[in-house]
Amino acid sequence: MNLRRLLAPLMLLSFALLGANANAAVIVIINNDMAGVGFNDTTPKTPEGGNPGTTLGAQRLYLFQAVAREWGALLKSNLIIRIIASFDSLPCSSGSGVLGEAGPTSFITLVPTPPSGHANTFYAEALAESLLGADGNSGAADIQASFNSSIDNGCIAAGTRFYYGVNPATPIPSGTFGLYPTVLHELGHGLGFLTLVCTDASGCGSGQPQGSLSSAGIPDIWTYFLASSTNTGLLWKDMTNAQRAAGVTSDPNLVWLGANVTADLATFAPTSAGTNGGHMRMFAPATVQPGSSVSHFSSAAVSPNLLMEPVLQSGVFNNTDLTYSLLKDIGWQVRPRDTIFADSFDAI
Ligand SMILES: [Zn+2]
């Protein structure tokens, strides 16, 4: 298979295979931590919120696998989706810290004849494989995830930590950070909820498809649905770099034109502040936030808040939200709604 590849995939270590319902995607968490740390941390821990693990590491792994089951119940794929995950010491200081991050290990194009989707367009690895119906990276991981082990050492404030509960009906205790919704959000990025277009003017060059660094201007699938104005309908894939760059900071004018998101606005969108001209707004603040701008729904979305806003809010997960609709727009085959986020996960 002649696939263009953008990023090098990671190697496998060990893994635990999850059970899955018929038609559901099988999502595997690959524990990439060394003995005694991260997922293998043997510090004793009392079970909480439906998480039966009796060590810190066991609770971490159980939670990741629970999130994987949630996503797997929502999506269809004939290919195993592999997530290589670890807990690492990420940036953290008093008052703020990175909770975690995740993304595709690579992006590939569908060539020469796509069974579905668009040729000569970058897709996140897991989505590309599902569209191709074939493994695109020789069994290597499709998504990489790294979460901050320092959070559990109180790096943000004394006594603060991750909350490892997995039952949305159980309130998240004060002074803790709900890891479950955070992992749900981050793995959403890994499944393709992001654009490859650069938002960093001083780095990769705002407005530039990053795939074009080595090959001429290959768009990613998001550019088929993004528009910087509700007036022209000009799509990002048809714009110049300068036009896209202007869109990066164009709040409230950056919108998603995908049919599924638009059709579901009446049910899930929120308020008029989260929409513009009958379309869902995407996050495009006047001061660019690399890593957040464009690759999230607008933070103006409320009632309900959405899983893929730049900062998780309370009140998400009362129902399957527009995240599901957007994943359909970019090509995911999905199972019925309401198999995920069926309950409230408040007070994160
Ligand atoms: Zn995010």
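Right above here is the structure, for reference.
Throughout what follows, the structure given in this document is the object of discussion. None of these values were measured; they are calculated from a predicted model. All residue numbers refer to position in the chain's written sequence, counted from 1. Totals for whole chains, interfaces and linings use all residues, but because this is a predicted model, local features are given only for residues with pLDDT of at least 70 and pairs of side-chain atoms are given and counted only at 80 or more. Note that water and hydrogens are dropped before the side-chain values are worked out from all heavy atoms of the structure.

### Overview of the coordination of the zinc ion
For a metal with four tetrahedral donors the ideal donor-metal-donor angle is 109.5 degrees, whereas six octahedral donors ideally subtend 90 or 180 degrees. Donors, by definition, are the N, O and S atoms found within 2.8 Å of a metal, the threshold being 3.2 Å for Na, K and Ca, and water is not counted, so a site can look incomplete. Every protein donor of the zinc ion is listed here as His-185 (NE2), His-189 (NE2) and His-296 (NE2), and their distances to the metal cover 2.0 Å. Written as a sequence motif, the donor residues of the zinc ion are H-x3-H-x106-H. In this pair, His-189 sits in helix H3 (residues 179-190) while His-296 sits in the loop between strand S15 (279-281) and helix H7 (322-329), placing the two residues 107 residues apart along the sequence. Here His-189 matches His-296 in class, with each residue buried. Think of it this way: any DSSP run of H or I at least four residues long counts as a helix, any run of E at least two long counts as a strand, and we number them from the N terminus. When a residue's accessible area, from a 1.4 Å probe over protein chains only, is under 20% of the maximum for its type it is buried; when over 50% it is exposed; and in between it is partly exposed.

### As for the sheet that holds S15
The criterion for strand pairing is that DSSP finds at least two bridges linking the strands in question. An order of S12-S13-S15-S14 is seen for the four strands of this open sheet, with the pairing classed as antiparallel. Every interior strand has two partners, whereas the edge strands, strand S12 (226-227) and strand S14 (275-276), have only one.

### Some words on the environment of Ala-24
Inspection of the secondary structure puts Ala-24 in the segment before strand S1 (27-31). As for Ala-24 and Ala-73, which are separated by 49 residues in sequence, their C-alpha atoms are 5.0 Å apart. Contacts are assigned to residue pairs that have any heavy atoms within 4.5 Å of one another. Discounting chain neighbours no more than four positions away, the residues touching Ala-24 are Gly-72, Ala-73, Leu-75 and Arg-335.

### Here's the deal with the packing of helix H1 (residues 56-74) against H3
In the contact formed by H1 and H3, the axes pass within 10 Å of each other and the chain directions differ by 50 degrees. Relative to H3, the element H1 is oriented oblique. Crossing angle aside, the handedness with which H1 passes H3 is right-handed. Counting all contacts with H1, which are made through Leu-63, Phe-64, Ala-66, Val-67, Glu-70 and Trp-71, the residues of H3 involved are Leu-179, Tyr-180, Val-183, Leu-184, Leu-187 and Gly-188. As a rule, the C-alpha atoms of each element are fitted with a line to give its axis, helices using only the stretch in contact, and angles between N-to-C directions run from 0 to 180 degrees. The labels follow the angle: roughly parallel below 35 degrees, roughly antiparallel above 145, roughly perpendicular from 65 to 115, and oblique for the rest. Should the near helix be turned counterclockwise from the far one by less than a right angle, the crossing is left-handed, whereas a clockwise turn marks it as right-handed.

### Comments concerning unusual backbone geometry
That bond from Asp-251 to Pro-252 is cis: its omega, 5 degrees, falls within 30 degrees of zero. Mapping Pro-252 onto the fold places it in the loop between helix H4 (241-248) and strand S13 (255-256). Of note, the phi angle at Ser-138 is positive, near 55 degrees, even though the residue is not glycine. Classification of Ser-138 by relative accessible area gives exposed; the value is 76%. Phi is positive for Val-294, close to 75 degrees, though the residue is something other than glycine.

### Considering the state of the cysteines
In what follows, a disulfide is any cysteine sulfur pair within 2.5 Å. Throughout the structure, instances matching the rule amount to two disulfides. Each sulfur in the disulfide pair Cys-92 and Cys-155 lies 1.9 Å from the other. One disulfide, between Cys-92 and Cys-155, carries an S-S torsion of 90 degrees and so falls in the right-handed class. Remark: Cys-155 occurs in the loop between strand S9 (143-148) and strand S10 (161-163) and Cys-92 occurs in strand S4 (residues 92-93); sequence separation between them is 63 residues. Disulfide pairing places Cys-198 opposite Cys-204 at an S-S distance of 1.8 Å. One disulfide, between Cys-198 and Cys-204, carries an S-S torsion of 80 degrees and so falls in the right-handed class. Overall, Cys-204 belongs to the partly exposed group, its relative accessible area being 28%. Disulfides within the protein chain link the bonded cysteines, taken in sequence order, as 1-2, 3-4.

### Quick word on the packing of aromatic side chains
Two rings from Phe, Tyr or Trp (for Trp, the six-membered ring) form a pair when their centres sit within 6.5 Å of each other. Planes less than 30 degrees apart are called stacked, planes more than 60 degrees apart edge-to-face, and all others tilted. The final tally for this structure, using the stated rule, is 10 aromatic pairs. Plain terms: the ring middles of Phe-162 and Tyr-164 are 6.2 Å apart, the flat faces sit at 75 degrees to each other, and that makes the pair edge-to-face. Accessibility assignment for this pair places Phe-162 and Tyr-164 in one class, buried. Seen from their ring centres, Phe-225 and Trp-256 are 5.1 Å apart, and the 25 degrees between their planes marks the pair as stacked.

### Quick look at the environment of Asn-32
When you line up the elements, Asn-32 lands in the loop between S1 and H1. With relative accessibility at 30%, the residue Asn-32 sits in the partly exposed group. A C-alpha to C-alpha distance of 5.2 Å links Asn-32 and Ser-86, two positions 54 residues apart in sequence.

### Considerations on the side chain of Arg-60
Looking at where Arg-60 falls in the secondary structure, it is placed in helix H1. A polar atom in the side chain of Arg-60 sits 3.0 Å from the backbone oxygen of Gly-38. We define a polar contact as two N or O atoms separated by no more than 3.5 Å, with the added condition that, inside protein, one atom must be a possible hydrogen donor and the other a possible acceptor, whereas residues neighbouring each other in sequence contribute only through side-chain atom pairs. Polar contacts involving the side chain of Arg-60 include one to the side chain of Tyr-164, which spans 3.0 Å. When neighbours within four sequence positions are excluded, Arg-60 is seen to be in contact with Gly-38, Phe-39, Asp-41, Phe-87, Ser-149, Asp-152 and Tyr-164.

### Quick notes on the pattern of salt bridges
Here, a salt bridge means any side-chain nitrogen of Lys or Arg that lies within 4 Å of a carboxyl oxygen of Asp or Glu. Enumeration according to the criterion identifies five salt bridges in this entry. Between Lys-45 and Glu-48 there is a salt bridge, and its shortest N-O distance comes to 3.0 Å. Residue classification places Lys-45 among the buried positions, given a relative accessible area of 18%. Residues joined in a network through salt bridges with shared partners are Lys-45, Glu-48 and Arg-161.

### Some points on empty space enclosed by the protein
Here a cavity is any set of points on a 1 Å grid over the protein atoms alone where a 1.4 Å probe fits but cannot get out, and a pocket is any open set with protein on both sides within 12 Å along at least 5 of 7 lines; a residue lines the site when it has an atom within 4 Å of a point. Grid points are joined across faces, edges and corners, and a volume is the space filled by probe spheres set on the points. Enumeration according to the criterion identifies one cavity of 30 Å³ or more in this entry. Computed from the structure, the largest cavity encloses a volume of approximately 60 Å³. If you trace the largest cavity, you find it lined by Phe-107, Phe-122, Tyr-123, Ala-124, Leu-127, Gly-192, Leu-194, Asp-220, Ile-221, Trp-222 and Ile-330. Considering each element in turn, the lining of the largest cavity owes the most residues, three residues, to strand S8 (residues 122-124). When grouped by side-chain class, the residues that make up the lining of the largest cavity number nine nonpolar, one polar and one charged. In the scheme used here, Gly and all other residues not listed as nonpolar or charged are polar, with Ala, Val, Leu, Ile, Met, Phe, Trp, Tyr, Cys and Pro taken as nonpolar and Asp, Glu, Lys and Arg as charged.

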